[in-house]
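The lines below spell out each chain.
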Amino acid sequence: MTGSTTRSTSRNAKRNTNRGRAGAAAVLAVLTVAAATAGCEAQATGSAPAASSSPRATATDDDKPASPPSSPTASPSSAPPTATASPTPKPDPQGTALMASGSQGKQVRELQARLRQIGHFDRSPTGYYGTVTVAAVQSFQGKRGLTRTGRADTLTWQKLLGMTHEPTAAELNPPTTRQVAEPDKRCMTGRVLCISKNSRTLSWMIDGQVMSSMDVRFGSQYTPTREGTFSVYWKSRHHVSSIYHTAMPYAMFFSGGQAVHYSADFAARGYNGASHGCVNVRDEGKIASLFAQVKNGDKVVVYG
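Bear in mind that the values here come from a model prediction, so they are computed numbers and not experimental data.

If you trace the 9 strands from one edge of the open sheet to the other, you get β6-β11-β3-β4-β5-β10-β9-β8-β7, paired in mixed fashion. If you trace the sheet from one side to the other, it starts and ends with β6 (228–231) and β7 (234–240), each paired once. Strand-to-strand, the axes of this sheet are offset by a mean angle of 30°, without reference to chain direction. Where helix α7 (residues 284–293) meets the sheet, it contacts β3 (191–196), β4 (201–206), β5 (209–217), β7, β8 (247–255), β9 (258–262) and β10 (279–281), and its direction lies at approximately 45° from that of β8.

Printed below as a string of C-alpha cells:
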C-alpha cells in the first residue's frame, strides 16, 4: 500500500507541474499577441528595455540644425580658432549716412519735400524712407555725379540743401497725395473747378488763384469721365443715384448725370476702384467746404 500510494502521489505532482507550465506558456502567448497588436515589441519577462539611439539634431527657428550632444572628452580639433584682426573699413567718400531705408521722422519729410521741389519725388511727403524715396535719392545722386547709393549721406544732403529752399508748411504737408498739375489756361479766369486727370487733383480757383486742392478719382474705361468745359447746373447735398442707388453726398452736377461728389468707397479703397463717370472726392471735410462755396453757373474744366 505504501509503494502504491507513493507512485500515485508522484504522478499527480508531475501532472500539476505540466499543467502549470502549460498555463504559463498560454499566458505568455496571450501577452505576446497583445503587445504585437499594440505596436510594441514584445520583451521577455524581467528583461531590461532596449537602449534607445541618440536623438537626431533638429532644425531650429532660424533653419540652422541644432548640434548633437557633445562628447565630454574634448578633442584637439575643438579648440577655438585663433582670433584675427579685421581690416579697418575705409571711410565713405560721400560722408556719413544721415538717412537711409527704414528711417522716419521730420528730417525724412523735409528730404522728400526738397526732392519734390526739383522733380525727383512725385508725391506728398510721408516722413517714411521707403523704396520710392530710395529711388528718388538715387535719381538725384546720378544727376549730380554722386555714387547712387540711395542713402542720404552728408555730401548728398549738402548738395540738396544748396539747390532747394526750406520747405513751407504746405510743402511738408500738401493737401493732395500727388503734386497738383499746372492749371489749364481755361482755369485762369473766373470761378472754376479745375480738374486734372493726369495729376488726379481738383483745384478750386478764383481768378487764377488756387483756393483749395484735393484728391479725386474718375470713371473707368467703360464709364469714362467726360473732358471739356462745363458749368455747375445743379447742387444736391444728400443725393442718391437713381441708377446705381448709391449715396452721392455734396453732389455738384456739371454734365448730364456726372457730378463732383464725396465717395465713401474712394475714402476706403483709394485708387483701387473707379467711379461710374463722376469725379469722386475722398476728403469729406474738403468737399463739404467746397460745396458751400460753389454756386450754380460756376465753371468746371476737366482736362487730361
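So that's the structure; there's more coming.
Two faces make up the sheet, and in a regular strand the side chains alternate between them. Of all 5 residues in strand β11 (residues 299–303), 4 are buried; the element is thus mostly enclosed. Sheet topology note: the β3/β11 ladder contains 5 bridges and is parallel. Its bridge partner lying in β11, Cys194 is registered against Val301. Pairing of β6 with β11 involves 4 bridges; the strand directions are antiparallel. By the bridge assignment for β11, Gly228 is matched with Val302.

In total, this model carries 9 salt bridges according to the counting rule given. Between Asp122 and Arg178 there is a salt bridge whose closest N-O contact spans 3.7 Å. Of the two residues, Asp122 is situated in the loop between α2 (106–117) and α3 (131–143) and Arg178 in the loop between α5 (169–172) and β3; the sequence distance between them amounts to 56 residues. Taking the relative accessible area as the measure of exposure, Asp122 reaches 43% and is therefore partly exposed. Here Asp265 and Arg217 are joined by a salt bridge, their closest N and O atoms 3.1 Å apart. With Asp265 in helix α6 (residues 264–269) and Arg217 in strand β5, this pair connects stretches of sequence that are 48 residues apart. It is possible to trace a salt-bridge network through shared partners that takes in Asp122, Arg123 and Arg178.

A word on α2. Residue pairs spaced three or four apart in an α-helix point in one direction, given the helix's 3.6 residues per turn. Across its 12 residues, α2 extends 17 Å between first and last C-alpha, which sits within 8% of the 16 Å expected from 1.5 Å per residue. Within α2, burial applies to Val108, Leu111, Gln112, Ala113, Arg114, Leu115 and Arg116. Gly119 occupies a position one or two residues after α2 and carries a positive phi of about 80°.

With respect to the element layout, His261 can be found in strand β9. Exposure remark for His261: the relative accessible area of 7% places this residue in the buried category. Apart from the residues within four sequence positions on either side, His261 is in contact with Met248, Pro249, Tyr250, Ala251, Cys278, Val279, Asn280, Val281 and Ile287.

Residues other than glycine seldom take positive phi values, yet His245 does so here, at roughly 60°. Residue placement: His245 occurs in the loop between β7 and β8. We note that Tyr250 has phi near 60°; this positive angle belongs to a residue other than glycine. Given a relative accessible area of 9%, Tyr250 falls into the buried group.

This part is about α7. Of the residues making up α7, those classed as buried are Ile287, Leu290 and Phe291. One side of α7 holds all its buried residues, which, seen down the axis, span an arc of 105°. Among the exposed residues of α7, those pointing more than 90 degrees away from its buried face are Gly285 and Ala292. N-capping of α7 is provided by Asp283, with a side-chain oxygen placed 3.1 Å from the backbone N of Gly285.

With that settled, consider the environment of Thr156. Within the secondary structure, Thr156 sits in helix α4 (residues 154–163). Along the sequence, Thr156 and Leu146 sit 10 residues apart, while their C-alpha atoms lie 7.7 Å from each other. A distance of 2.8 Å separates polar atoms of two side chains, one belonging to Thr156 and the other to Asp153.

As a packed pair, α2 and α4 sit with axes 10 Å apart at the nearest point and diverge in direction by 55°. Put simply, α2 runs oblique to α4. Between α2 and α4 lies a crossing of left-handed hand. From α2, Gln107, Glu110, Leu111, Arg114 and Leu115 reach across to α4, where they touch Trp157, Leu160 and Leu161. In the contact of α2 with α4, the residues fall into 5 nonpolar, 1 polar and 2 charged.

Quick look at the pairing of β3 now. Summarising burial for β3: 5 of the 6 residues are buried, a large majority. Hairpin geometry of β3 and β4 is characterised by an intervening segment of 4 residues between the two adjacent antiparallel strands and by a positive phi of about 55° at Arg200.

Conventions adopted
- Residues numbered from 1 in each chain as written.
- Predicted model: local features only at pLDDT ≥ 70, side-chain atom pairs only at ≥ 80, totals over all residues.
- Heavy atoms only, no water.
- Pairing = 2+ DSSP bridges.
- Helix = DSSP H or I, 4+ residues; strand = E, 2+ residues; numbered from the N terminus.
- Axes fitted to C-alpha atoms, helices over the stretch in contact; angles between N-to-C directions.
- Contact = heavy atoms within 4.5 Å.
- Buried < 20%, exposed > 50% of the residue type's maximum accessible area, 1.4 Å probe, protein only.
- Salt bridge = Lys/Arg side-chain N within 4 Å of Asp/Glu carboxyl O.
- Expected span 1.5 Å × (residues − 1).
- Arc of directions from axis to C-beta.
- Polar contact = N/O pair within 3.5 Å; in protein donor to acceptor, adjacent residues only side chain to side chain.
- Parallel < 35°, antiparallel > 145°, perpendicular 65-115°, else oblique.
- Left-handed = near helix turned anticlockwise from the far one by under 90°.
- Nonpolar A, V, L, I, M, F, W, Y, C, P; charged D, E, K, R; others polar.

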